[in-house]
Number of protein chains: 2
Amino acid sequence: MPTTTLTSRTPAPTDDGEGALNDLAALVRDDLEACNRTIVARMESPVTLIPSLAAHIVAAGGKRLRPLLTLASARLCGYGAGDPAAARHIQLAACVEFIHTATLLHDDVVDESALRRGLASANAVFGNKASVLVGDFLFARAFQLMVEDGSLEVLAILSQAAATIAEGEVLQLITQNDLATDEARYLDVIRGKTAALFAAACQVGAVVAGREKPVEMALARYGLDLGIAFQLIDDALDYAADQAQLGKTIGDDFREGKTTLPVLLAYQAGNPEERSFWERTIAQNEQTPEDLPRAIALIERHGAIAATLGRAASLVASAQAALSVFPPSPLRAAMHAVADYTLHRAR
Amino acid sequence: MPTTTLTSRTPAPTDDGEGALNDLAALVRDDLEACNRTIVARMESPVTLIPSLAAHIVAAGGKRLRPLLTLASARLCGYGAGDPAAARHIQLAACVEFIHTATLLHDDVVDESALRRGLASANAVFGNKASVLVGDFLFARAFQLMVEDGSLEVLAILSQAAATIAEGEVLQLITQNDLATDEARYLDVIRGKTAALFAAACQVGAVVAGREKPVEMALARYGLDLGIAFQLIDDALDYAADQAQLGKTIGDDFREGKTTLPVLLAYQAGNPEERSFWERTIAQNEQTPEDLPRAIALIERHGAIAATLGRAASLVASAQAALSVFPPSPLRAAMHAVADYTLHRAR
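**Q** What's the story with the overall build of chain A in this structure? I'm lost.
**A** The helix and strand inventory of chain A stands at 18 helices and two strands. Out of the 347 residues belonging to chain A, those deemed buried represent 55%. For chain A, the share of sequence-separated contacts (at least 6 apart) that also reach a separation of at least 24 residues comes to 77%.

And the structure:
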């Protein structure tokens, strides 16, 4: 199997790049623990299959990246300074995680995924039907949490994000198997399916803190660019990462015929013979076991992983620049480092 | 094929019982037309598959019963009297229809239905994946419409209803094939999956009109009882109705092993041989083509349709009694008659 740009860069096998994430979590540890308690408490329902299934995905881990962004953004904006009872950011961070979880449940149904974070996916364990309906419940519960918070501004940001996520997911479905998809359209997909919630998660932090519009917009920009970079890297990893390390099956996107940037760049740069390989494997979705190594080799040959990483790196720089509206602080430094973490995931 | 209590009662084949519905619609005709325009305008998206799929189900008809309840309730409460620009009820009626449509899309995926209102269902035409994701979009869009309206009270009512609907749907999934389901649990299912939105649709009408709590609660009661009755009749019709007239396949619930009241009552009253019939067909879901006529005959023998209709009739009376907080008016009379319509559907 060919060595990819990604795996060949691995500097130290023990460094999974999550140090920055842990550092940020440590700075808001109490908030994050309170958020986890809220998540567990609010996925309750007399219909016990709901908390069982939700626990499978919500409580089973994940990095809590999105709620962490809400908590950190709120604190960076000075929310609750000197007020130990301030808890709006905690409730809204839980709400962000519920929206994310609802999306994951529906994604796994749509993608027919059997694995999620290295474990059996909820649809594999509980069936597609339960995953669809519990996703709906978590989505509704997220809105109940927002309504309890009582800010129409927050509700507007998160309901807009929810609509944008769904648009991104539908667009992804349309562009699947379509090699005529261009980079702009691909960016629309990932801006919707991933970055919109990152942006909203951060922006909401500024809103609860009552900060001025430019600060709110700076955090939305940070989240948006971070989210796009995060997804670019995710799409690159699908053609490169060590399966055990990533907790997902390499080549999932390939098997589903997703037109992610690595494929699009390799296709556009390919010779006629290579193009017909992509047309068979992606457009017609006719694949044999030897096709994935070939796809990885072609992506490598045309520098498509490096190009994808390059785009991610410049978005990370843009996300970090947006933080300059804030004075230096350990929290700002940790959010800066988390942006780098998305790139480190690639090593 | 045995004649059922339902079909044998048919008084005049041309009377589909929808006269009352048309009368109510006529009283709020301008509102309903404005609502239809809002529905079409607000299901727009740059991702054109969304309006295409949504149009298939939203614009292709349906009785608009739920938005009609919102419009009529608001007007019954005096909303917008003397103010031709008053339009909050129109926006919220559209929102109610979006929630309903999102639920239908996900329902059809969960039930693997091929027909909806006598036409091919959206999942049959566009696939399950698109139906799940467009359902999510419509749900998010519904919340955007509520946020634009700006009432936290309305948001609380409808987000609670959305969570209750999902709970009812999950409970239905759990009780499927389970003959130990009792009537209370069955009522929890239909209260959730159907009546919660009817109740919220009506209650919201009182809220936009700024009416006092007892009026709001009376309309919620009207909607709740009407909704339970509506679903009871729907469940009875599945073992009785003329397929062409109903626009759905008779025996759908049977084939899916749903433990609706007609089945539960017949099972509970059955002798050992009959019980083993239900255990094979519903609990084990092992069916042959001769089983549906047999099921209908058993349901008939034990008076299970009549008993189901009896429960519906007393709920209709309760719904109608709730309207007594309002002075007599053509609108009150029409809402009274619409409650009767749910029963007339059974003839």
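**Q** Hey, could you run me through the relation of the copies chain B and chain A in this one?
**A** These two copies of the chain differ by a rotation about an axis and a displacement along the same axis. Laying chain B over chain A is done by rotating through 180° and shifting 0.0 Å along the axis; what remains is an RMSD of 0.0 Å. Taken together, these values place the two copies in the relation of a two-fold axis. Looking at the interface residues of chain B, 100% of them are also at the interface in chain A, so both copies use one shared face.

**Q** Would you mind going over the nonpolar core with me for this structure?
**A** What tends to happen in soluble globular proteins is that the nonpolar side chains get buried as a cluster. Counting residues in hydrophobic clusters, the biggest one holds 242 residues, and the most contacted among them are A:Leu158 and B:Leu158. Beyond its immediate stretch of four places on either side in the chain, B:Leu158 contacts B:Cys95, B:Ile99, B:Met146, B:Ala200 and B:Val204.

**Q** Would you mind going over the interface of chain B and chain A with me for this structure?
**A** Between chain B and chain A, the residue contacts involve 35 residues of the former and 35 residues of the latter. Contributions of two or more residues to the side of chain B that touches chain A are made by helix H4 (49-59), helix H6 (88-111), helix H8 (128-149) and helix H9 (152-175) of chain B. Here the element with the most residues in the side of chain B that touches chain A is H9(B); it accounts for 14 residues. Here the side of chain B that touches chain A is composed, by residue class, of 24 nonpolar, six polar and five charged.

**Q** I'm lost on unusual backbone geometry in this one. Help?
**A** For residues besides glycine, phi is generally negative; the peptide bonds are generally trans as well. Of note, A:Arg64 is a non-glycine position whose phi angle comes to about 55°, a positive value. Assignment of secondary structure puts A:Arg64 in the loop between helix H4 (49-59) and helix H5 (65-76). Given 20 C-beta atoms within 10 Å, A:Arg64 falls into the buried group. In this model, B:Asn285 sits at a positive phi of 55°, which is unusual for a non-glycine residue. The topology assignment puts B:Asn285 in the loop between helix H15 (272-283) and helix H16 (291-301).

**Q** Even after reading the chapter, I still don't get the packing of helix H8 (residues 128-149) of chain A against H6(B), so can you show me in this structure?
**A** Each pair of packed helices can be described by the angle between their axes along with the distance between the axes. It is the contact of H8(A) with H6(B), at a shortest axis distance of 9 Å, that shows an interaxial angle of 160°. When the axes of H8(A) and H6(B) are compared, the pair comes out roughly antiparallel. Here H8(A) and H6(B) pass one another in a crossing that is left-handed. Contacts between H8(A) and H6(B) involve A:Lys129, A:Val132, A:Leu133 and A:Asp136 on the former and, on the latter, B:His106, B:Val109 and B:Val110. Here the residues of the contact of H8(A) with H6(B) sort into four nonpolar, one polar and two charged.

**Q** Can you walk me through helix H3 (residues 29-42) of chain A in this structure?
**A** Each turn of an α-helix holds 3.6 residues, which means side chains three or four residues apart point in the same direction. Residues and elements named next belong to chain A. For H3, spanning 14 residues, the distance from its first C-alpha to its last is 20 Å, which sits close to the expected 20 Å at 1.5 Å a residue. Those residues of H3 that sit buried are Asp31, Leu32, Cys35, Thr38, Ile39 and Arg42. Angular distribution of buried residues about the axis of H3 spans 115°; they occupy a single face of the element. Of the exposed residues in H3, the ones pointing more than 90 degrees away from its buried face are Arg29, Asp30, Glu33, Arg37 and Ala41.

**Q** Looking at this structure, how should I read the packing of helix H11 (residues 213-237) of chain B against helix H17 (residues 304-322) of chain B?
**A** Residue and element names in this part refer to chain B. Relative to each other, H11 and H17 sit at 165°, their axes nearing to 8 Å. Considering the angle they form, H11 stands roughly antiparallel to H17. Taken as a pair, H11 and H17 cross one another with a handedness that is left-handed. Between H11 and H17, the residues in contact are Ala218, Arg221, Tyr222, Asp225, Leu226, Ile228, Ala229, Leu232, Ile233, Asp235 and Ala236 and Ile305, Thr308, Leu309, Arg311, Ala312, Leu315, Val316, Ser318, Ala319 and Ala322, respectively. When the residues that make up the contact of H11 with H17 are grouped by side-chain class, the tally is 15 nonpolar, two polar and four charged.

**Q** Help me out: how do you make sense of the environment of A:Leu27 in this one?
**A** All names here are of chain A. Relative to the helices and strands, Leu27 is located in helix H2 (residues 19-27). Between the alpha carbons of Leu27 and Leu331 there is a distance of 6.9 Å; along the sequence they are 304 residues apart. For Leu27, the contacting residues outside a window of four places in its chain are Pro330, Leu331 and Ala334.

**Q** Explain the confidence of the model for chain A to me, please; I cannot follow it from the model alone.
**A** Regions with low pLDDT should not have their predicted coordinates read in detail. All names here are of chain A. Per-residue confidence for chain A gives a mean pLDDT of 89; residues scoring 70 or more make up 90%. Across chain A, the element-wise mean pLDDT spans from 34 in helix H1 (residues 5-8) up to 98 in helix H10 (residues 183-208). Here residues 1-16 is a poorly scored stretch, pLDDT under 50, and it has 27 contacts once near neighbours within four places are set aside; other chains count. Among the prediction metrics, the complex's ipTM stands at 0.91, with pTM recorded as 0.91.

**Q** What's the story with the environment of B:Pro51 in this structure? I'm lost.
**A** Residues and elements named next belong to chain B. Tracing the backbone through its elements, the reader meets Pro51 in helix H4. For Pro51, a count of 19 C-beta atoms within 10 Å translates into the label partly exposed. Ignoring any residue separated from it by four or fewer positions in sequence, one finds Pro51 in contact with Met43, Glu44 and Ser45.

**Q** Explanation requested: the environment of B:Glu300 in the structure shown.
**A** Residue position: B:Glu300 is located in helix H16. Residues B:Glu300 and B:Pro262, spaced 38 residues apart in sequence, show a C-alpha to C-alpha distance of 8.9 Å.

Cut-off values and rules
- Residues numbered from 1 in each chain as written.
- Chains lettered and ligands numbered in written order.
- Predicted model: local features only at pLDDT ≥ 70, side-chain atom pairs only at ≥ 80, totals over all residues.
- Helix = DSSP H or I, 4+ residues; strand = E, 2+ residues; numbered from the N terminus.
- Buried ≥ 20, exposed ≤ 12 C-beta atoms within 10 Å, placed from the backbone.
- Contact = placed C-beta atoms within 7 Å.
- Least-squares fit on C-alpha atoms with pLDDT ≥ 70 in both.
- Core = buried A, V, L, I, M, F, W, Y, C linked by C-beta atoms within 7 Å.
- Nonpolar A, V, L, I, M, F, W, Y, C, P; charged D, E, K, R; others polar.
- Axes fitted to C-alpha atoms, helices over the stretch in contact; angles between N-to-C directions.
- Parallel < 35°, antiparallel > 145°, perpendicular 65-115°, else oblique.
- Left-handed = near helix turned anticlockwise from the far one by under 90°.
- Expected span 1.5 Å × (residues − 1).
- Arc of directions from axis to C-beta.
- pLDDT = per-residue confidence, 0-100.

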